[in-house]
Amino acid sequence: MSDHVDLIIIGAGPAGMSAAIAASRQGLSIVVLDEQARPGGQIWRNVEQRRDGALSTVLGRDYAAGAELVDRFRACPADYRAEASVWHIDEGQGTGGGKVFYLKDHQARVLEGRCILLATGAQERPPAFPGWTLPGVMGIGAAQVTLKSGGQIPDGPVWIAGCGPLAYLYAMQLRRAGGTIAGFLDTTPPGRLLPNFFAFLQAMLFQPAPMLKGVAWQLALRCTVPWVPHVAALTADGGDRLKTLTYTTTGGKPVTVEAAHLLVHEGIVPGTHPTLMLGCEQAWSDAQDCFAPKLDEWGETSLPGIFVAGDAGGIAGAQAARLRGELAAVAIMRRLKPSAVAERDAVKRLRSRLSRIIAGRAFLDRYFRPREAACLPPDDTVICRCEGVTAAQIRALTTNGLGDPNMVKAFTRAGMGPCQGRQCGYGVARLTAEITGTHAATVGLYRARPPLKPITLGELAVLDKQRTEA
Amino acid sequence: MTRTESDILVIGGGLHGLSVALQLLRAGRSVTILEESWVGRHASGASAAGVRTMFRPVSELPVSVEAAGMWHRIEDLVGDTCGFHANGQLRVAERDTDLISLENRVRETRSAGFKHEEMIDRQTLRRLAPAIAPHCVGALYVCTDGAADPHRTLRAFRVAVLAAGGLICEGTSVTGADHNDTGWKLLCGDRIFRAPVVVNAAGAWAGKIAAMLGDDIPLGVKASMMMVTERVAPFLDPVVSAVGRTLSFKQSEQGTLVIGGGLQGRADVEAQRSFVDFERLARGARAATELFPAVRNIRIVRTWAGIEATTSDHQPVIGASTRSPGVFHVFGFSGHGFQLVPVTGLILRDLIIDTKTSRQIASFAPDRLGVRSAA
Amino acid sequence: MFRKIAQPAQGVTVEVDGTPVRASLGETVADLLLRQTEVGFGVNAASGRVRAPYCMMGVCFECLVEIDGRDSQACLMPVREGMRITRRMGRPEVAA
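What comes next concerns the included structure.

Rules behind the numbers
- Residues numbered from 1 in each chain as written.
- Chains lettered and ligands numbered in written order.
- Predicted model: local features only at pLDDT ≥ 70, side-chain atom pairs only at ≥ 80, totals over all residues.
- Heavy atoms only, no water.
- Helix = DSSP H or I, 4+ residues; strand = E, 2+ residues; numbered from the N terminus.
- Rg over C-alpha atoms; globule rule 2.2 N^0.38 Å.
- Contact = heavy atoms within 4.5 Å.
- Pairing = 2+ DSSP bridges.
- Axes fitted to C-alpha atoms, helices over the stretch in contact; angles between N-to-C directions.
- Buried area = accessible area lost by both parts, 1.4 Å probe.
- Salt bridge = Lys/Arg side-chain N within 4 Å of Asp/Glu carboxyl O.
- Polar contact = N/O pair within 3.5 Å; in protein donor to acceptor, adjacent residues only side chain to side chain.
- Patch = residues over 30% accessible without salt bridge, like charges linked within 9 Å, V, L, I, M, F, W, Y side chains within 5 Å.
- Areas by Shrake-Rupley, 256 points an atom, 1.4 Å probe, with all protein chains shown as cover.
- Buried < 20%, exposed > 50% of the residue type's maximum accessible area, 1.4 Å probe, protein only.
- Arc of directions from axis to C-beta.
- Nonpolar A, V, L, I, M, F, W, Y, C, P; charged D, E, K, R; others polar.
- Phe/Tyr/Trp six-rings, centres within 6.5 Å; stacked < 30°, edge-to-face > 60°.
- Disulfide = S-S within 2.5 Å.
- Core = buried A, V, L, I, M, F, W, Y, C linked by side-chain atoms within 4.5 Å.
- Parallel < 35°, antiparallel > 145°, perpendicular 65-115°, else oblique.
- Left-handed = near helix turned anticlockwise from the far one by under 90°.
- Expected span 1.5 Å × (residues − 1).

Secondary structure assignment for chain A yields 17 helices and 23 strands. Taking 470 residues into account, the globule formula puts the C-alpha radius of gyration at 23 Å, and chain A, at 22 Å, falls close to it. If you line up chain A on its principal axes, its C-alpha atoms span 65 × 50 × 40 Å. When contacts within chain A are restricted to residue pairs at least 6 apart in sequence, those whose partners lie at least 24 apart make up 65%.

So this is what it looks like as structure tokens:
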């Protein structure tokens, strides 16, 4: 039932595709498992089908450029399995690599790999606020996904609330697509530019093109859409769907407006669920205000033979993800095929390109760091969407002096729903830290329990080895 | 400021430790619980919370039947129902030969004087569990058994202990023990706790603690796996197990299906971690779908393995140390200790305060497992 | 809630809560349901509140619907000809 390969890559975004292309050149046997129906990851979702036409213009040149990598990935000898949902990974208990359990066509399958590369990407940082569970409220990243895969935009005026490059990019795309922006509620706190001016210059030096583009977007938006700076608090209201929203600027009074669509964004964070479940050591990144797995310079985790590349290992964007995918492929080749020596110069080039991107990143991390209040919402806010657990319930429990998210989970059911704590992990960590007077870095996230994705009883039953005829 | 002197130190903040502490507090003693991580972190929080007298070893029945009575009045004990519902426990027979083995079991318990177990036929089984597979021919049934909510139970016992004046020191790991004329001195890093009496309720770590306290009790470790599904509409009241299967199947108050029964994962006791082995857990999924074909498409959202101590005869260790003065053991429940929680508090209270108990606990004696020489 | 910016060339027909609906090739079930007039993808199994997708990338599970008899994340599932999609207005039933 289980077959063996040299390398299993999970995720067919920029990091996974680049690693597959690089590693397959050396003749490794590779399987790439991806949850989506087509390669590209979230950044280039559906790019193959959007090569031209109106949508391609709307999404811009950086999006269209992804098609070239997807073509090369399709052409490389790696065995690509789409719509394959990985639900468990068993580490090899010190021997390196491990077993990957996945579902495809409702069949549970097991695959053993001498090395595993997790290129599972990022998720939007869930900025809990009162009313964020109402239909009509969505992540900006989510709205962009449905623009890429469905070619659609919200029907009617859109409120955008948040900060960061993706917020500006989507706003520009929305306007190009003929959408209306009711207002842009910029949540970047006041006084961010001056203390980070050196980082700004550094970013301009190392990443001039994307930086200039970003500045131009912001200027264009400020001139053409209603722009509210320094928004500090947000509440969404309505019965079964969003009807009004209330925002408060720093030092200002609450303003309530009618709203049918509210798109929010407070940056992205690495998807840590697979590495947490495996027990890979995690480190708090103060710069990015989140956890990321501890990685060596090649992307190997604390578990031998388990690598991470791309935004799953720390946010750096698609270009960096490609480079990190290639670097991980080099390390994996050296591990599995010592005879195939990679050129030193090539590695050096990869590293220098990567360091330029990372040098430019520092400014974005600092300037768009989410405001403290975005992480510590008022009592009536639902933190765990699945189980409907509020900030008040978590605060009440943690006032007893307890400071472990797993205990909060056991006693409130927060994190026990289908998303398994992916949406409330940071919220619970922050609230616990707030009450116990510590830091989210010390509190940590929930332990991640398998399965990574739900699997039915019937699908699991098939894996029983001692099964006789049904 | 933490109180460091008590009448009794309880090592281990699982349900048994809490229950013992609660009874001693109510008897007027001062009690401090030393818990390595947090209350219920391991087996207690990972339990399926079955409240079952059915099919227990006959030697456990006297205390188990008493515990059952206490569960029916659990609110009097801890001020909360603990989510306990006496919806019955069923042990299903899938073949006629299974029926015979169950009938033998009923004869055995009846001859020992216990009348709570009864046989039910196919029709009654279908009425109690309408979704059961048509091939099932009958069952053993205890209508007064049932199940509770493990986390709610933990919370209730924790609150009750605190309300009774108990001190719970979480994040407090016992690293050493010393005994002199005045009693025990337990080292917890740079902190010291003193008491004339120490209760070892340290679950999977009880063997290590026993060694510190001068007893050498051979123990194994279990990592029983559990799985829980998404919430589904109510369809099943009793807890269901089956002859010849490693399965325990119930629907919780929240609507989730909680499926366990003792399939073993892997435990790393030192690292306090446990691992789920899906190729083995698949057996449980298969058993569940064969007994309840309609749950085939219900999705598993979470699985885990709880770490617990097990003994060679699968019966707990409850009693005073015969070597170390003032040391009492309560651990090794081997995967079926939840139901006994209320009664262990009473047993230990009697043993500690009256130095004896009228309850039948001879088969739980710490010595029986072959205590070797003191360390 | 959402509208297409251009009419797609190729389409498929699927069934949403028993009614035939046209969808475009390459989009996901979640994309399609976002264009339906009724609000929501179902109700939350714990609280009963109406829910709709938040993340669209497989993280939040707010887009769960029944597709051809199985619960699926609508945002990860491409539409296919003849697919039967059911929004769940309560907890799944276990038929006796």
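Another point: the environment of Gly-437 of chain A. Summarising the element assignment, Gly-437 of chain A is placed in the loop between helix H15 (425–436) and helix H16 (440–443). When the C-alpha atoms of Gly-437 of chain A and Leu-55 of chain A are compared, they prove to be 49 Å apart, with 382 residues separating the residues in sequence.

This next bit is on the sheet that holds strand S6 (residues 64–67) of chain C. Residues and elements named next belong to chain C. Strand order in the open sheet formed by 5 strands is S3-S2-S8-S6-S7, with mixed pairing between adjacent strands. Both outer strands of the open sheet, strand S3 (19–24) and strand S7 (70–73), are each paired with one neighbouring strand and no more. Across the sheet, the mean angle separating the axes of adjacent strands is 40° when strand polarity is ignored. Here 2 bridges tie strand S2 (residues 11–16) to strand S8 (residues 84–86), and the two strands are oriented parallel to one another. Across the sheet, residue Val-16 finds its bridge partner in S8, namely Ile-85.

As a further point, take the interface of chain C and chain A. Taken together, the 36 residues of chain C in the interface contact 50 residues of chain A. Interface area for chain C against chain A, summed over the two sides, is near 3700 Å², with a carbon-plus-sulfur share of 58%. Considering only the surface of chain C that becomes buried against chain A, Phe-2, Ile-5 and Tyr-54 of chain C emerge as the three largest contributors, covering 22% of it. Here chain C and chain A share 4 salt bridges between them.

Attention shifts here to the side chain of Asp-215 of chain B. Residue and element names in this part refer to chain B. With respect to the helices and strands, Asp-215 occurs in the loop between helix H7 (206–212) and strand S13 (220–231). Of the polar contacts made by the side chain of Asp-215, one reaches the side chain of Ser-321; its length is 2.7 Å. Within the structure, the side chain of Asp-215 is placed 2.8 Å from the side chain of His-329, a separation counted as a polar contact.

With that settled, the discussion passes to the sheet that holds strand S8 (residues 167–169) of chain B. Residue and element names in this part refer to chain B. Taken in spatial order, the 6 strands line up as S8-S2-S1-S12-S21-S20 in an open sheet, and their pairing is mixed. Across the chains shown, the open sheet's two edge strands, defined by having one partner strand only, are S8 and strand S20 (317–320). Here the average twist between neighbouring strands, direction ignored, is 15°. In this structure, strand S12 (residues 197–200) lies alongside strand S21 (residues 327–331), joined through 3 bridges in parallel fashion. By the bridge assignment, Val-199 is partnered in S21 with Phe-328. Across the sheet, helix H1 (residues 15–26) is in contact with strand S1 (8–11), strand S2 (31–34), S8, S12 and S21; its angle to S2 comes to roughly 170°.

Take a nonpolar patch on the surface next. Residues and elements named next belong to chain A. On the surface, Leu-193, Phe-197 and Leu-201 cluster together into a nonpolar patch covering about 260 Å² of accessible area. Its place among the elements puts Leu-193 in the loop between strand S11 (181–186) and helix H7 (197–206). The partly exposed category is assigned to Leu-193, whose relative accessible area is 39%.

Moving on, we come to helix H4 (residues 66–75) of chain A. Residue and element names in this part refer to chain A. Every buried residue of H4 is accounted for by Gly-66, Ala-67, Leu-69, Val-70 and Phe-73. The buried residues of H4 occupy an angular sector of 160° when projected down its axis, which confines them to one face. Residues of H4 that are buried in the fold lie against helix H1 (14–24), strand S2 (30–33), helix H3 (61–64), strand S3 (79–81) and helix H10 (318–336).

Here we take up the interface of chain B and chain C. With 14 residues of chain B in contact, the opposing surface of chain C contributes 14 residues. Across the chain B/chain C interface, buried area totals approximately 1100 Å², and carbon plus sulfur atoms make up 58% of it. Of all residues in chain B, Arg-231, Ala-233 and Arg-299 of chain B give up the largest surface area on contact with chain C, accounting jointly for 45% of the area buried on that side. For the pair chain B and chain C, the interface holds 0 salt bridges. Here the side of chain B that touches chain C is composed, by residue class, of 8 nonpolar, 3 polar and 3 charged.

A few words on the packing of aromatic side chains. Residues and elements named next belong to chain A. The final tally for this structure, using the stated rule, is 20 aromatic pairs over all chains. With centroids separated by 6.3 Å and ring planes inclined at 40°, the aromatic side chains of Trp-159 and Tyr-247 adopt a geometry described as tilted. Highlighted residues: Trp-159 in strand S10 (residues 158–163) and Tyr-247 in strand S14 (residues 244–249), separated in sequence by 88 residues. For the pair Trp-159 and Tyr-247, one class covers both residues: buried. Put simply, the rings of Tyr-168, Phe-184, Phe-197, Phe-200, Trp-227, Phe-363, Tyr-367 and Phe-368 touch in pairs and so form one group of aromatic residues.

Residue and element names in this part refer to chain C. For the coordinates displayed, the defined rule picks out 0 disulfides over all chains. For Cys-63, which is in no disulfide, the shortest distance to another cysteine sulfur is to Cys-75 and amounts to 3.9 Å. Here Cys-63 falls in the buried class, since its relative accessible area comes to 2%.

Residue and element names in this part refer to chain B. The topology assignment puts Glu-117 in the loop between helix H4 (96–111) and strand S5 (118–121). Considered as a pair, Glu-117 and Pro-238 are 121 residues apart in the sequence and their alpha carbons are 14 Å apart. Excluding residues that lie within four positions of it along the chain, Glu-117 makes contacts with Thr-53, Met-54, Phe-55, Arg-105, Val-106, Thr-109, Arg-110, Leu-140, Tyr-141 and Val-142.

Moving on, we get to the pairing of S2 of chain A. Residues and elements named next belong to chain A. Here S2 shows two buried faces, one formed by Ile-30 and Val-32 and the other by Val-31 and Leu-33. The pairing of S2 with S3 spans 3 bridges and is classified as parallel. The residue of S3 that forms the bridge with Val-32 is Tyr-80.

Right, let's talk about the nonpolar core for a bit. Inside soluble globular proteins, nonpolar side chains tend to come together where they are buried. Grouped together as the largest cluster of nonpolar side chains are 199 residues, with contacts concentrated most on Leu-262 of chain A together with Val-29 of chain C. Sort the elements by how many residues they give to this core and H10 of chain A lands first, with 12 residues. Ignoring anything within four residues of it in the chain, the contact list for Leu-262 of chain A reads Phe-129, Gly-136, Val-137, Met-138, Trp-159, Ala-161, Leu-234, Ala-236, Leu-242 and Leu-245 of chain A. Counting 49 residues, the second largest nonpolar core, distinct from the first, contains Leu-128, Ala-129, Ile-298 and Ala-305 of chain B.

Residues and elements named next belong to chain A. As a packed pair, H1 and H4 sit with axes 9 Å apart at the nearest point and diverge in direction by 45°. By the criterion of interaxial angle, the relationship of H1 to H4 is oblique. H1 and H4 meet at a crossing whose hand is left-handed. Here Pro-14, Met-17, Ser-18, Ala-20 and Ile-21 of H1 lie close against H4, whose contacting residues are Leu-69, Val-70, Arg-72 and Phe-73. Looking at the contact of H1 with H4 residue by residue, the class counts come to 7 nonpolar, 1 polar and 1 charged.

What follows is about helix H2 (residues 61–72) of chain B. It helps to recall that an α-helix has 3.6 residues per turn; residues three or four apart then point in one direction. All names here are of chain B. Taking 1.5 Å as the rise per residue, H2 with 12 residues should run 16 Å; its terminal C-alpha atoms sit 16 Å apart, in good agreement. Those residues of H2 lying buried are Leu-61, Val-63, Ser-64, Ala-67, Ala-68, Met-70 and Trp-71. Where the residues of H2 are buried, they touch H1, strand S3 (50–51), helix H3 (74–78), H4, helix H6 (150–163) and helix H9 (341–354).

Attention now moves to the packing of helix H5 (residues 140–150) of chain A against helix H6 (residues 165–176) of chain A. All names here are of chain A. Following both chains from N to C, one finds H5 and H6 inclined at 40°, their axes separated by 10 Å at the closest point. Taken together, H5 and H6 sit at an angle that is classed as oblique. Crossing angle aside, the handedness with which H5 passes H6 is left-handed. Where H5 approaches H6, its residues Ile-140, Gly-141, Ala-143, Gln-144 and Leu-147 are matched on the opposing element by Leu-166, Ala-167, Leu-169, Tyr-170 and Gln-173. Residue composition of the contact of H5 with H6, by class: 7 nonpolar, 3 polar and no charged.

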